Amino acid sequence: MPSVDPASVYCAVPTRGNVLSATVEQLDRLRDIHGFSRVQYMPGRLSVTDPRNRIVRDFLLSEKDWLWMVDDDVIPHSKVWQLFEHGKDIIGAPYFMVRPPVNVAIPCVLQWNEKLKTYAPWPKPFGRAGVEEVDAIGTGCLVIHRRVLEHPDLKPAFRLGVNAEGVMRMTEDVLFCGRAKEAGFKVWVDWDVHADHLPNGISLNSIHMGYEALYAAAEEKKGDPLLWTPK
């Protein structure tokens, strides 16, 4: 894998004002290890697209090659540096979310459903490993190369997807991935560097690992975990 100069990395945290202390501590720890420059905390109390786009603006004014965004309630994995070493246009760490109708902790990694014209959770999310091309990924722990953000079709980089009535139909991170793919870039995930997501202080990583263990046990006992029910 190619070596990435820490001086070429611009790390930023978009926030509405409440940054998790564990996020700050982990980023400080990673900076001490890898030597990238100080973390830019970008506040914005309105739409999250505002601080994201101001981060992109400042990044493009810098001389750095890689933008690394970390949400204010996400804790990057200790191996997160390998995201840069893959050399991909856009690559993220899987972190976890809880969204209906799947009310369990699943990775914020999505697959396009052509029939329904919408995104759905990535299939079989348990026990995956390695680097894989995907259709969309959340921006909770995302690395983007400069060439992506310099593309004219990605200005502004982040915007909400709304319908004719102004009702939101797609979040800014998913829409960004879709627009980037239309511009000719690829989106990747590294399943080996799970980031933890702590909305309201609850570790979704721990919840996901519990379901993952249950899924593996069910598969071993019955072959098809979807048909297995505990006694």
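This text follows the structure it describes.
Residues numbered from 1 in each chain as written. Predicted model: local features only at pLDDT ≥ 70, side-chain atom pairs only at ≥ 80, totals over all residues. Heavy atoms only, no water.

**Q** What am I meant to see in the side chain of H197 here?
**A** Locating H197 in the fold gives a position in strand β16 (residues 196–197). A polar contact of 2.6 Å, which involves the side chain of H197, links it to the backbone oxygen of F96. (Helix = DSSP H or I, 4+ residues; strand = E, 2+ residues; numbered from the N terminus. Polar contact = N/O pair within 3.5 Å; in protein donor to acceptor, adjacent residues only side chain to side chain.)

**Q** Hey, could you run me through the sheet that holds strand β11 (residues 136–137) in this one?
**A** In spatial order, the strands read β9-β8-β11; together these three strands make up an open sheet with antiparallel pairing. The sheet is open, and its two edges are formed by β9 (118–121) and β11, each paired on a single side. By the bridge criterion, four bridges tie strand β8 (residues 109–113) to β9 in an arrangement that is antiparallel. The residue bridging Q111 from the neighbouring strand is A120, located in β9. (Pairing = 2+ DSSP bridges.)

**Q** How do you make sense of the pattern of salt bridges when you look at a structure like this?
**A** It is possible for side chains bearing opposite charge to pair when their charged atoms get close. All told, the structure shown has ten salt bridges when counted by the stated rule. For R146, the salt bridge goes to E150, with nearest N and O atoms at 3.1 Å. A relative accessible area of 13% places R146 in the buried class. On the basis of relative accessible area, E150 is assigned to the partly exposed category, the value being 43%. One salt-bridge network, in which partners are shared between bridges, spans R52, D71 and E172. (Salt bridge = Lys/Arg side-chain N within 4 Å of Asp/Glu carboxyl O. Buried < 20%, exposed > 50% of the residue type's maximum accessible area, 1.4 Å probe, protein only.)

**Q** Looking at this structure, I do not really get the sheet that holds strand β3 (residues 66–70). What am I missing?
**A** Each strand in a sheet pairs with its neighbour through backbone hydrogen bonds, running either in the same direction (parallel) or in the opposite one (antiparallel). As summarised here, the arrangement of the seven strands in space is β2-β1-β3-β12-β5-β15-β10, forming an open sheet in which the pairing is mixed. Both edges of this open sheet fall to β2 (40–43) and β10 (131–134), since each of them pairs with a single strand only. Taking the axes of each pair of neighbouring strands and ignoring which way they run, one obtains an average angle of 25° across the sheet. Pairing geometry for strand β5 (residues 90–92) and strand β15 (residues 187–190), over three bridges, is parallel. When the sheet's bridge partners are listed, I90 is paired in β15 with V187. Those strands touched by helix α2 (residues 49–61) are β1 (9–15), β2 and β3, and its axis lies near 160° from that of β1. (Axes fitted to C-alpha atoms, helices over the stretch in contact; angles between N-to-C directions. Contact = heavy atoms within 4.5 Å.)

**Q** Where do I start with the packing of aromatic side chains in this structure?
**A** For any pair of aromatic rings, the description consists of the separation of the ring centres together with the inter-plane angle of the planes. For the structure shown, the criterion picks out eight aromatic pairs. Consider the rings of W112 and Y119, whose centres lie 4.9 Å apart with planes at 70°: the pair is edge-to-face. Ring-pair connections join several aromatic residues into one group, and the members of that group are F36, W66, W68, W81 and F84. If you follow R52 out to its NZ or CZ, it ends over the ring of F158, 5.9 Å from the centre. Just above the ring of F59 sits the side chain of R146; from NZ or CZ to the centre is 5.0 Å. (Phe/Tyr/Trp six-rings, centres within 6.5 Å; stacked < 30°, edge-to-face > 60°. Lys NZ or Arg CZ within 6 Å of the ring centre and 35° of its normal.)

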